[in-house]
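# Examination of the molecular architecture
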Amino acid sequence: MQLKSTYLTKKYCLEVELEVLYLNLHQRSLGVQKIQMFPIHDETTAPEASKPLLEQAKKNLGTIPNLEKVMAESPALLEGYVRLWELFDTTSLSLIERQVVYQTANFENQCEYCVPWHTKLSQLAGMPPNEIEALRRGAELSDPKLEALRRFTQSLILNRGKIVEAELKAFFRAGYCAQQALEVILGIAVKTMSNYTNSIAGTPLDKAVEKLTWKKPIISMKTNTELLGERSGCQQL
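Presented here is a report on the structure given in the accompanying data block. Fair warning: this is a prediction, and the values are worked out from it, not measured in the lab.

### Let's talk about unusual backbone geometry
Although it is not a glycine, Q110 adopts a positive phi angle of roughly 55°. By the secondary structure assignment, Q110 is in the loop between α5 (95-108) and α6 (114-125). The phi dihedral of R160 is positive, around 55°, even though this residue is not glycine. Looking at where R160 falls in the secondary structure, it is placed in the loop between α8 (144-158) and α9 (165-173). The exposure class of R160 is exposed, given its relative accessible area of 77%.

In structure tokens form, the structure reads like this:
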């Protein structure tokens, strides 16, 4: 019964995708703009249940970020995101520590939308510029306690929570406690919602943070000439 239900769900999703693809191709032939699979709402077009949340975002930030506009299509998701964000703000982690958790998740989940926004929020939180840049590069932080927090957050994400006991003890030795270990999980949950939404929706970056654009600094493919010109740091005896 469950297999049949799964099959029907997949069949329905495929039919919807094909229909959208057909409409896009048809409208492109007519010179009409491409249909958005994930609409970007505002206070007038959003579902009724999402409108108060968008208005609240505008009141708090002076604008409605495109992320919230995309999430508005699902009032349940938008409300969950807003409420969990508010709850994370009430934790014992400092403003800067919360940004370390957020930005570490953004980096590991390769969220090109969220990294610029949290660069700006980290600046507003008073985080030192060198630490902000390190988080954008996925590099070690100069502050030992913040670095312990970054590593703990990173390990939880990469290992899907299955960290080794030594990592938890290192987190505690840095000055954190059990409560804060659980609070990090809350922060990761917030970012999972935003990072995954941006990933499937391709959320366009807002003008407010366009100057802070980001790409994950992965090692690019090199040409043979470049490889020949490089020297290894290891010396053969």
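### A look at the nonpolar core
Judged by nonpolar contacts, the single largest core of 39 residues is most densely connected at L78, V100, L149, F171 and V184. Looking at this core, the elements with two or more residues in it are α2 (51-61), α3 (66-71), α4 (75-89), α5, α6, α7 (129-137), α8 and α10 (178-201).

### A short note on α10
With 24 residues, α10 ought to run about 34 Å at 1.5 Å a step, and its terminal C-alpha atoms sit 35 Å apart, in line with that. G202 sits one or two residues past α10 and shows a positive phi near 60°.

### Section: α8
For an α-helix, 3.6 residues make a turn, and residues three or four places apart therefore share a direction. Taking 1.5 Å per residue, 15 residues should reach 21 Å; α8 reaches 21 Å between its end C-alpha atoms and fits that length. Most of α8 sits inside the fold, with eleven of its 15 residues counted as buried. Residues L146, E147, A148, L149, R150, F152, T153, Q154, S155, L156 and I157 constitute the buried set of α8. For α8, the secondary structure elements touched by its buried residues are α5, α7, α9 and α10. N-capping of α8 is provided by D143, with a side-chain oxygen placed 3.0 Å from the backbone N of K145. Positive backbone phi, approximately 55°, marks R160, located one or two places after α8.

### Comments concerning the packing of aromatic side chains
On inspection of all chains with the given rule, the structure shows seven aromatic pairs. Seen from their ring centres, W85 and Y102 are 4.9 Å apart, and the 25° between their planes marks the pair as stacked. Of this pair, W85 sits in helix α4 while Y102 sits in helix α5; the two residues are 17 residues apart in sequence, bridging distant segments of the chain. Each residue in the set Y81, W85, F88 and Y102 is aromatic and connected to the rest through ring pairs, giving one cluster. Positioned over the ring face of Y176 is K145, at 4.7 Å from the centre of the ring.

Thresholds applied
Residues numbered from 1 in each chain as written. Predicted model: local features only at pLDDT ≥ 70, side-chain atom pairs only at ≥ 80, totals over all residues. Heavy atoms only, no water. Helix = DSSP H or I, 4+ residues; strand = E, 2+ residues; numbered from the N terminus. Buried < 20%, exposed > 50% of the residue type's maximum accessible area, 1.4 Å probe, protein only. Core = buried A, V, L, I, M, F, W, Y, C linked by side-chain atoms within 4.5 Å. Expected span 1.5 Å × (residues − 1). Contact = heavy atoms within 4.5 Å. Polar contact = N/O pair within 3.5 Å; in protein donor to acceptor, adjacent residues only side chain to side chain. Phe/Tyr/Trp six-rings, centres within 6.5 Å; stacked < 30°, edge-to-face > 60°. Lys NZ or Arg CZ within 6 Å of the ring centre and 35° of its normal.

In short, the description is geometric, and any link to function would need to be established separately.
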